[in-house]
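Summary of the model geometry
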Protein chains: 2
Amino acid sequence: MSRSAVDFIRKNILEMAGYVPGEQPQEAGYVKLNTNENPYPPSPAVGDAIVEVLRRGLQKYPDPLATVFRVEAAKLLGVEPDWILTGNGSDDILTIVTRAFVGEGDYIRLAYPSYILYRVLSQLQNGAWEEVFFQGDWTLTNDFLASNPRLKLIFLANPNSPSGTMIPPAVISRWIEQLPCPILIDEAYVDFAAESCVDLVKLSDRVMVSRSLSKSYALAGLRFGYLVAQPHIIEQLRKVKDSYNCDALSIAGATAAIRDQNWLLETTRKVIRTRERMTEELRALGFDVVPSQANFVWCTRKDRPVKPIYEELKRRKVLVRYMDYPGWGDGLRISVGTDSEVDCLLERLQEVLSTDGK
Amino acid sequence: MSRSAVDFIRKNILEMAGYVPGEQPQEAGYVKLNTNENPYPPSPAVGDAIVEVLRRGLQKYPDPLATVFRVEAAKLLGVEPDWILTGNGSDDILTIVTRAFVGEGDYIRLAYPSYILYRVLSQLQNGAWEEVFFQGDWTLTNDFLASNPRLKLIFLANPNSPSGTMIPPAVISRWIEQLPCPILIDEAYVDFAAESCVDLVKLSDRVMVSRSLSKSYALAGLRFGYLVAQPHIIEQLRKVKDSYNCDALSIAGATAAIRDQNWLLETTRKVIRTRERMTEELRALGFDVVPSQANFVWCTRKDRPVKPIYEELKRRKVLVRYMDYPGWGDGLRISVGTDSEVDCLLERLQEVLSTDGK
């Protein structure tokens, strides 16, 4: 009768390590290039919209379906509003989709290395996962489309993290007929890329595309993301989400953000310009840098381990993301900052590379 | 190969009806007494704190653990910050707890009638539920503590919805030794009640208490709730939550709200005063009204069906909640509004009751 509550927690949860997000130092003074935030602020319209909601008051529940946002996003994407599901960040969308498709013992399939969270989401369901390794040129073989009777969902980050590479929509459109199950294409970084898969959703209900406002819209602090899928799929997913998963402030802010496409284009162009310069300069410092379609670059090097570089940078108040993928290798994922942040990174890197006796 | 994505959705999801929250008309003009929102605005400090976050910017991720809030709430409750888990509304907390304890085929136990969402949360896990009916005086017999090997979690809304009644902490403290599994005491409405169970968390790791800022703090639009539990339980639950489940604006707003206890006390007192008047006046109109410790009252009547009353009120732009509990009966759950909203309700009710030929 007096057993601990721990005895009642599901084994899959007890045995999990839990997902560890990138460091979020709450003190100031860091050049923070570790979690792919936008170095530029969001559209000023976002703050105005939020202040307007404050003026109207917060005591009422928000619209459970965030209709004002869906109408605006639908216009932008050329679909109807019922093709869109909004979430408390795109992590919420990934959670909802996993909970809808993946039961105990079911499988998801992932490209590897990619966003670690997908695997965690399956673990939370007491599900399993299969990883298909990217080829050396960051393409995927047909193994990614192989059958497995317990396979319920494929995740593809596109552009991928940590590589910043992309499987072209033309390739994915050729996959559709062979897809052994639904695929969620995570387009968190797509606004920094040349193409998107969002139109493929119209071709098959097995294609779903998620988007985030954290990166390109500079709203990581607001938590807003959305899914594009066919309406009969959205209808099922609505059952899984919390009733009021998006708050009144984020609905208004996100709507204002996507209305200001000029702001998006201008800031995105700046990020891309800096990304190209960063890539060149990091290569000049001896890093192998994969050409990126995202707001970060993936850096490895053959001549020395990169973990001490991460640590030395951190000591110098420059945070980058050190990532180690067992069976694949490690590297530094460095977010694109402002030009002056990148200058600071490059200076510190020069110090670090010259002082460790190499 | 070309099966619909629907074929991959879990059966328990496909077969569910989905939780239907109370109506949230987005147009103005309604006297809205259907979802237990606070008729008074939140503390002015909330808006100030949110504007301050806007000034600092939204492009960075929020603190994944909402530490500033936890420190403040811990002071208020006399616990340490690691006894607190924050959520995107207390629905997020209920979801996290259910996902941690309830696997496929596991049972939860509920009092009946109570908050319908608990059952939905179990369905989403492909779990089952047992309902123990409240007695006529809204107490619970020892059936509520009976053993069942697959029982993983008990939910108790306290004060309960729709009744507004409460099981006293002294009674629940006597339950602790007999508890067949952990219990989540949902204190969404506790600030309108005379007592709380929060201190019982110190007596056993099988007692968890959830709170919401939606009702008493007038922040339904912000989405913020929290759980109080022993630290080793919180540690497990952190694995289940989305990394950044609370956004930067809500963390700041919620922290400002709980710092302003004077505002809470003043507005809560007004609501309680109006609740007592409402109870008397509704009884004078022929309703049976249960004495409430929440910010709503549960009204039934023996002389005529209440559903047409709900409908007629809605036609007259007064929204109350009609609830029908199979095997139990139906009634109207009416939120406590401002005095003038309640006057409006009472006038419309008089019209409705006199014009339907009775």
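Worth saying up front: this structure is predicted, and the values here are computed from it rather than measured. (Residues numbered from 1 in each chain as written. Chains lettered and ligands numbered in written order. Predicted model: local features only at pLDDT ≥ 70, side-chain atom pairs only at ≥ 80, totals over all residues. Heavy atoms only, no water.)

By a simple turn and slide, chain B fits onto chain A: the slide is 0.0 Å along the axis, the RMSD is 0.0 Å, and the turn is 180°. Within this description, the copies of the chain are treated as partners about a two-fold rotation axis. Residue by residue, 100% of the interface of chain B is reproduced at the interface of chain A, so both copies engage with the same surface. (Least-squares fit on C-alpha atoms with pLDDT ≥ 70 in both. Contact = heavy atoms within 4.5 Å.)

For any two helices packed against each other, one specifies the crossing angle of their axes together with the interaxial distance. Residues and elements named next belong to chain A. Between helix 4 (residues 90-101) and helix 5 (residues 117-124), whose axes approach to 10 Å, the crossing angle comes to 40°. Of the possible angle classes, the one that applies to helix 4 and helix 5 is oblique. In this structure, helix 4 crosses over helix 5, and the sense of that crossing is right-handed. Between helix 4 and helix 5, the contacting residues are Asp 91, Leu 94, Thr 95 and Thr 98 on the first element and Leu 117, Tyr 118, Leu 121 and Ser 122 on the second. Along the lines of polarity and charge, the residues of the contact of helix 4 with helix 5 split into 4 nonpolar, 3 polar and 1 charged. (Axes fitted to C-alpha atoms, helices over the stretch in contact; angles between N-to-C directions. Helix = DSSP H or I, 4+ residues; strand = E, 2+ residues; numbered from the N terminus. Parallel < 35°, antiparallel > 145°, perpendicular 65-115°, else oblique. Left-handed = near helix turned anticlockwise from the far one by under 90°. Nonpolar A, V, L, I, M, F, W, Y, C, P; charged D, E, K, R; others polar.)

Okay, the UniProt feature "domain: Aminotransferase class I/classII large" (unreviewed entry) in chain A next. As recorded in UniProt, the feature "domain: Aminotransferase class I/classII large" (unreviewed entry) lies at residues 30-349 of chain A. With 37% helix and 19% strand, the stretch residues 30-349 of chain A has end C-alpha atoms that lie 15 Å from each other. (UniProt positions renumbered as here; feature names shortened; annotations may be inferred.)

Attention now goes to the UniProt feature "modified residue: N6-(pyridoxal phosphate)lysine" (unreviewed entry) in chain A. UniProt records the feature "modified residue: N6-(pyridoxal phosphate)lysine" (unreviewed entry) for Lys 215 of chain A in the present numbering. Position of Lys 215 of chain A relative to the elements: it lies in the loop between strand 7 (207-212) and strand 8 (225-228). Exposure remark for Lys 215 of chain A: the relative accessible area of 9% places this residue in the buried category. Contacts of Lys 215 of chain A, omitting those with residues within four sequence positions, involve Thr 35, Asn 36, Asn 38, Ala 188, Tyr 189, Phe 192 and Asn 295 of chain A together with Tyr 61 of chain B. (Buried < 20%, exposed > 50% of the residue type's maximum accessible area, 1.4 Å probe, protein only.)

Looking now at the sheet that holds strand 9 (residues 288-289) of chain B. Residue and element names in this part refer to chain B. Spatially, 5 strands are ordered 1-11-12-10-9 in an open sheet, and the strand pairing comes out mixed. Every interior strand has two partners, whereas the edge strands, strand 1 (31-33) and strand 9, have only one. Pairing between strand 10 (residues 296-300) and strand 12 (residues 329-335): 4 bridges, direction antiparallel. Directly across from Cys 299, in strand 12, lies its bridge partner Leu 332. On the sheet, helix 10 (residues 307-315) packs against strand 11 (318-325) and strand 12 and is oriented at approximately 155° with respect to strand 11. (Pairing = 2+ DSSP bridges.)

Counted under the stated rule, the structure contains 46 salt bridges over all chains. A salt bridge links Arg 211 of chain A to Glu 187 of chain A, with the shortest nitrogen-to-oxygen separation between them at 2.9 Å. Taken as a pair, Arg 211 of chain A in strand 7 and Glu 187 of chain A in the loop between strand 6 (183-186) and strand 7 lie far apart in primary sequence, 24 residues in all. Taking the shortest distance from any N to any O, the salt bridge between Glu 351 of chain B and Arg 348 of chain B comes out at 3.2 Å. Placement of the pair is Glu 351 of chain B and Arg 348 of chain B together in helix 11 (residues 339-355), with a separation of 3 residues, close to one helical turn. Take Glu 351 of chain B: its relative accessible area is 33%, and that puts it in the partly exposed class. What emerges from the salt-bridge pattern is a single network uniting Glu 312, Arg 315, Arg 316, Glu 347, Arg 348 and Glu 351 of chain A. (Salt bridge = Lys/Arg side-chain N within 4 Å of Asp/Glu carboxyl O.)

Turning to unusual backbone geometry, a few remarks are in order. Here the residue pair Tyr 112 of chain B and Pro 113 of chain B is connected by a cis peptide bond, since its omega of 0° sits within 30 degrees of zero. Residues other than glycine seldom take positive phi values, yet Trp 138 of chain A does so here, at roughly 60°. Mapped onto the elements, Trp 138 of chain A comes out in the loop between strand 4 (128-133) and strand 5 (151-157). Its relative accessible area of 9% is what places Trp 138 of chain A among the buried residues. The backbone of Ala 218 of chain A sits at a positive phi, close to 60°, despite the residue not being glycine. When you line up the elements, Ala 218 of chain A lands in the loop between strand 7 and strand 8. Relative accessible area serves as the criterion here: at 1%, Ala 218 of chain A is assigned to the buried category.

A few words on the interface of chain B and chain A. The partner chain A presents 84 residues to the 84 residues of chain B that form the contact. Of all residues in chain B, Phe 8, Gln 59 and Tyr 61 of chain B give up the largest surface area on contact with chain A, accounting jointly for 11% of the area buried on that side. If you look at where chain B meets chain A, you find 39 residue pairs in polar contact (both at pLDDT 80 or more). For the side of chain B that touches chain A, the elements supplying multiple residues, two or more each, are helix 1 (11-14), helix 2 (44-56), helix 4 (90-101), strand 5 (151-157), helix 7 (231-240) and helix 8 (248-259) of chain B. The element best represented in the side of chain B that touches chain A is helix 4 of chain B, accounting for 6 residues. (Buried area = accessible area lost by both parts, 1.4 Å probe. Polar contact = N/O pair within 3.5 Å; in protein donor to acceptor, adjacent residues only side chain to side chain.)

What follows deals with the packing of aromatic side chains. Counted under the stated rule, the structure contains 28 aromatic pairs over all chains. When the ring centre of Phe 296 of chain A is taken as origin, the NZ or CZ atom of Arg 333 of chain A, which lies over that ring, is 5.4 Å away. Its guanidinium or amino end placed over the ring of Phe 287 of chain B, Arg 301 of chain B lies 4.6 Å from that ring's centre, counting from NZ or CZ. (Phe/Tyr/Trp six-rings, centres within 6.5 Å; stacked < 30°, edge-to-face > 60°. Lys NZ or Arg CZ within 6 Å of the ring centre and 35° of its normal.)

With that settled, consider the nonpolar core. Burial of nonpolar side chains together is a common tendency in soluble globular proteins. In terms of nonpolar packing, the biggest core is built from 182 residues, with Phe 101, Leu 213 and Leu 227 of chain A together with Phe 101, Leu 213 and Leu 227 of chain B touching the most fellow members. Once residues within four sequence positions are removed from consideration, Phe 101 of chain B is found in contact with Ala 5, Phe 8, Ile 9 and Arg 10 of chain A together with Asp 106, Lys 152, Leu 153, Pro 182, Met 208 and Leu 237 of chain B. (Core = buried A, V, L, I, M, F, W, Y, C linked by side-chain atoms within 4.5 Å.)

This paragraph deals with the side chain of Glu 187 of chain A. On the basis of relative accessible area, Glu 187 of chain A is assigned to the buried category, the value being 1%. Excluding its chain neighbours within four sequence positions, the residues that come into contact with Glu 187 of chain A are Asn 158, Ser 196, Cys 197, Val 198, Val 209, Ser 210 and Arg 211 of chain A.

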